[in-house]
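Architecture and fold: a report
Now for the letters of each chain:
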Amino acid sequence: MTSTLEHDAEEGDVVILHACAHNPTGIDPTREQWQALAQLFKRKKLFTFFDSAYQGFATGDVDADAWAIRHFQQVLFDRGDVSADVQGMCIAQSFAKNFGLYGERVGALHLVLPSQTPALGSQSQLLRLVRAEISNAPLFGCRIVHTILSDPELRNMWKQDLQTMSGRIKRMRSLLRHEIEKQPEVGDWGHLESQIGMFSYTGLGEEQVLRLRDVHHVYLMLNGRASLSGVNEGNVKYIAAAISDVIRY
């Protein structure tokens, strides 16, 4: 990834990054890797566009899941080292998953600009885009999010629910790994636990995925990408046995 950015990216290029719980791979950079990326973006003057779709679903902690975004902001907009040609930064923040508001199209777009850049120009362009694309945003989901985040008691309940949800997915990752590895000749499935969030690149090939579908009725994308939020204590042994079968087939 860094090699591609070093050799192919040009000043002003927009680069989209997932803030946490990467979809589709489930593979997040470490904090040391994020730090290296932030320095690369600053040096090459790239425009950072963060997609924050799963905040709180990776670690269960909304602040931990926002770490990369906040670190980039600190590095790119260091008050003591801001030149006139520093790039801005966008964050597209979705509340669909972490508030259970699928279909309500609720979220926020944050635009971070250098201190010497007037905000009115960007604001006028954003208003123009919104007017052309959606005119008026739907209010129902927005009001739910506003109500919860504005009330300390509701906000704490929401944070506890995120811990419950992320904890369940982590538990299912561990359980699925161990159930698969109980079978002979299946190899090491530690990547299920080293990956994070709802999704996983399982490593299964297209032929194996098709057998999973046709024989066992376990459904994955053809590239082996799986949504692990569908795994539960009632089906994990069946899924593990099905995966073991297609590996040995």
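Our structure's up above, just so we're on the same page.
All values reported here derive from a predicted model rather than from experimental measurement. (Residues numbered from 1 in each chain as written. Predicted model: local features only at pLDDT ≥ 70, side-chain atom pairs only at ≥ 80, totals over all residues. Heavy atoms only, no water.)

1. Here's the deal with the side chain of Glu179
Considering the arrangement of structural elements, one finds Glu179 in helix 7 (residues 152-181). The residues touching Glu179, leaving out its near neighbours within four places in the chain, are Lys237 and Ala240. (Helix = DSSP H or I, 4+ residues; strand = E, 2+ residues; numbered from the N terminus. Contact = heavy atoms within 4.5 Å.)

2. Focus on the packing of aromatic side chains
In the structure shown here, the tally under the stated rule is seven aromatic pairs. Geometrically, the ring pair formed by Trp34 and Phe72 is edge-to-face, given 6.0 Å between the ring centres and 85° between the ring planes. Of the two residues, Trp34 sits in helix 2 (residues 31-44) while Phe72 sits in helix 4 (residues 67-76), which places them 38 residues apart along the sequence. Exposure remark for Phe72: the relative accessible area of 0% places this residue in the buried category. Ring centres of Phe41 and Phe72 lie 5.4 Å apart, and the angle between their planes is 80°; this geometry places the pair in the edge-to-face category. Pair noted here: Phe41 is in helix 2 and Phe72 is in helix 4, with a separation of 31 residues, a long-range link. Overall, Phe41 belongs to the buried group, its relative accessible area being 1%. By the ring-pair criterion, three or more aromatic residues cluster together here, those being Trp34, Phe41, Phe50 and Phe72. One cation-aromatic arrangement involves Arg211 over Tyr249; the distance from NZ or CZ to the ring centre is 3.6 Å. (Phe/Tyr/Trp six-rings, centres within 6.5 Å; stacked < 30°, edge-to-face > 60°. Buried < 20%, exposed > 50% of the residue type's maximum accessible area, 1.4 Å probe, protein only. Lys NZ or Arg CZ within 6 Å of the ring centre and 35° of its normal.)

3. A word on the packing of helix 7 against helix 10 (residues 236-248)
At a closest axis distance of 8 Å, the pairing of helix 7 and helix 10 adopts a crossing angle of 45°. Overall, the two elements helix 7 and helix 10 adopt an arrangement that is oblique. The hand of the helix 7/helix 10 crossing is right-handed. Touching Leu175, Leu176, Glu179 and Ile180 of helix 7 are Val236, Lys237, Ile239, Ala240, Ile243 and Ser244, all from helix 10. The residue inventory of the contact of helix 7 with helix 10, partitioned by class, reads seven nonpolar, one polar and two charged. (Axes fitted to C-alpha atoms, helices over the stretch in contact; angles between N-to-C directions. Parallel < 35°, antiparallel > 145°, perpendicular 65-115°, else oblique. Left-handed = near helix turned anticlockwise from the far one by under 90°. Nonpolar A, V, L, I, M, F, W, Y, C, P; charged D, E, K, R; others polar.)

4. Considering the pattern of salt bridges
Counted under the stated rule, the structure contains seven salt bridges. Between Arg177 and Glu193 there is a salt bridge whose closest N-O contact spans 2.8 Å. Separated by 16 residues along the polypeptide, Arg177 in helix 7 and Glu193 in helix 8 (residues 191-194) bring together distant segments of the chain. A salt bridge links Lys182 to Glu179; the shortest N-O distance between them is 3.2 Å. (Salt bridge = Lys/Arg side-chain N within 4 Å of Asp/Glu carboxyl O.)

5. What to know about the packing of helix 9 (residues 206-216) against helix 10
Running from amino to carboxyl end, helix 9 crosses helix 10 at an angle of 125°, the nearest separation of the two axes being 9 Å. What the angle tells us is that helix 9 and helix 10 run oblique. Relative to helix 10, helix 9 is oriented so that their crossing is right-handed. Facing Gln208, Arg211, Leu212 and His216 of helix 9, the residues of helix 10 in contact are Tyr238, Ala242, Ile243, Asp245, Val246 and Ile247. When its residues are assigned to classes, the contact of helix 9 with helix 10 shows six nonpolar, two polar and two charged.

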